[in-house]
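Results of the structural survey
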Amino acid sequence: MELIFEKSIEGRTGFCFGSSDVPDKAQISEKYLRQDEAALPETSELDVVRHYTRLSQRNFSIDTHFYPLGSCTMKYNPKFTEMLSNLAGFRNLHPLLAQLSGGERWTQGALQVLYELEGLLCEITGFSAFTMQPLAGAHGELTGIMLMAAYHKAKGNTHKKYVIVPDSAHGTNPASAALAGFEIISIPSNKEGGMDLEALKAAVNDETAGLMMTVPSTYGLFESHVSEIAQIIHQVDGIMYYDGANLNAVLGRLRPGDVGFDVMHINMHKTFATPHGGGGPGAGPVGVNEKLVDFLPVSRVVQKENGMYALNYRYDKSIGYIASFYGNFGVLVRAYAYILMLGKEGLRETASHAVLNANYIMRKLQKHYKICFDHLCMHESVFSASNQLERGVHAIDIAKFLIDQGIHPPTVYFPISVPEAIMIEPTETESKQTMDRFIEKMIEADQLSQTNPQAFKEFPKTMPITRPDEVKAARDIKTSFFQKIASP
Ligand SMILES: *Cc1c(COP(=O)(O)O)cnc(C)c1O
């Protein structure tokens, strides 16, 4: 006994790391050897556990709070789809196995998920084929624009230089088109929030490669002239791109492939389950019609005559690999499970509830906050805090007020064309009680802006950090303040 205790530290270190992992001191140059004892913190396990538990509770999370952040659907992580994507057969599958000779036999389940998911997405969107590879929405956009470029190249359309993007598109659209080597032409919106068709006609010419549209737009509005716009673009052999990140608003009601679009991406992490936050992981499958199908990335999952699934790499016109292996497979499993769980009717209901909830909030708040477009919205609605600003209260002040109420702020200052924008997206999965509490708090904020606007300068009061200098915080990151957050 005595002996073991005496040896304690060194002996245990050896045990922890496995003795072969501890380098022999003699192998390390003298100048790199520590001169003094390492200043390791003397902390008990219990204190460490409490520290990290407190830190985790400082996080806003969909499991604990309402999250009406606009332009970022899917604030719902069904535990059921988590469980399925975590099945050992999926989770432990080695990505190289399917490529090994004979390996296909061991990967039939995974390949079948990819194959059937492709079929489901085609049915939902009206397209001919999908690639599952892109790892996020923006990555899907880049893939789609590369397909557009491949199409023009194959047709000898060397004069195509411009991609048209309305100002109501998501910010990633022009960025993706630029990354793929195109120049961007922006089209302004009209008073109703739709695309200005006269401006579009004036901008379209033989050099137009295509147009990218977010439907419903980031104003939360449905563009009612889609078919007319598609006609204008197709007249010059342009490609119509559908940004499908907001697909939950039209699921089961509109198939982009039926109304003139040639290519689209879906944000799985916004429409078909998957935790969405902290930047990922996501999945941005890209669907195409017959015009573009030959250019899809490799590999593609095919079903052989004997019913077995396999990966096929032999597509001469393919743009090649867009991601390693098969994309974010776990995200795809969740989407597959979610689609099958909801079924056709369930998907349609998703859209109904997303739109109903957004309109409910819009109508309840419109007496208190200026609405930007006074007609039916889709999955989200855009307000301006311009009335509140007259009393010195900004959109950001209202956001900080909500934090103290245990509500994640809506998106603020986006879309950028709306001054003091507050963009609210409740999603299809929130209850009326939750939305009512949010509405009550928003009204309370408006009332406070009338009686005591000064009070807003101090919100949030419940957070360890209140009003950081946001530019400095982004440029000059200090991590040591976490200790302060966690101390009781
Ligand atoms: C979120 C979003 C994107 C970008 O998707 P990421 O997965 O974040 O890259 C593109 N378009 C719209 C309309 C979006 O809402």
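Residues numbered from 1 in each chain as written. Predicted model: local features only at pLDDT ≥ 70, side-chain atom pairs only at ≥ 80, totals over all residues. Heavy atoms only, no water.

**Digging into the site of the ligand**
Threshold: We call a residue near a molecule or strand as soon as one heavy atom of that residue lies within 4 Å of the molecule or strand. Any pair of N or O atoms that falls within 3.5 Å is considered a polar contact. Within protein, one atom must be able to donate a hydrogen and the other to accept it, and sequence-neighbouring residues count only if both atoms are side-chain atoms. To be clear on the numbers: accessible area is Shrake-Rupley with a 1.4 Å probe, and residue cover counts the displayed protein chains and nothing else.
The environment of the ligand is formed by 13 residues, the closest being Gly-137, Ala-138, Asp-243, His-269 and Lys-270. In the model, an oxygen atom of the ligand is placed 2.8 Å from a nitrogen or oxygen of the Ala-138 main chain. Between the ligand and His-170 there is a distance of 3.5 Å, counted from a nitrogen atom to a side-chain nitrogen or oxygen. Within the complex, the protein chains bury 87% of what would otherwise be the 380 Å² of accessible surface of the ligand.

**Some details on a nonpolar patch on the surface**
Stated formally: The patches described consist of residues with a relative accessible area above 30% and no salt bridge, like charges being joined within 9 Å and nonpolar side chains (Val, Leu, Ile, Met, Phe, Trp, Tyr) within 5 Å. We define a salt bridge as a side-chain nitrogen of Lys or Arg found within 4 Å of a carboxyl oxygen belonging to Asp or Glu. A run of H or I in DSSP becomes a helix once it reaches four residues, and a run of E becomes a strand once it reaches two; helices and strands are each numbered from the N terminus. Relative accessibility decides the category of a residue: with a 1.4 Å probe and only protein chains considered, values under 20% of the type maximum give buried, values over 50% give exposed, and everything between is partly exposed.
Together, Phe-80, Met-83 and Met-341 make up a nonpolar patch on the protein surface, roughly 290 Å² of accessible area in all. As for its position among the elements, Met-341 is in helix α12 (residues 329-365). On the accessibility criterion, Met-341 (38% relative accessible area) is partly exposed.

**Some remarks on the confidence of the model for the chain**
Applicable threshold: The quantity called pLDDT is the predictor's confidence in a given residue, expressed from 0 to 100. A contact between two residues is defined here by any heavy atoms of the two lying within 4.5 Å.
Looking at the chain as a whole, the pLDDT averages 89, with 92% of positions reaching at least 70. Low pLDDT, under 50, characterises residues 1-19; the predicted model gives this stretch 2 contacts beyond four residues in sequence or across chains.

**Examining the pairing of strand β9 (residues 309-312)**
The following threshold applies: Pairing between strands is defined by DSSP: at least two bridges between them are needed.
Across 4 bridges, the pairing between strand β8 (residues 300-303) and β9 is antiparallel. Its bridge partner lying in β9, Val-301 is registered against Leu-311. Here β8 folds back onto β9, and the loop between the two strands holds 5 residues, one of which, Gly-307, carries a positive phi near 90 degrees.

**Points about the sheet that holds strand β13 (residues 421-424)**
Here 4 strands make up an open sheet; going across it, the order is β10-β11-β13-β12 and the pairing antiparallel. Strands at the two margins of the open sheet, each flanked by one partner only, are β10 (370-371) and β12 (411-412). Sheet topology places β10 next to strand β11 (residues 381-384); 2 bridges connect them, and they run antiparallel. The partner of Lys-370 across the bridge, within β11, is Ser-384.

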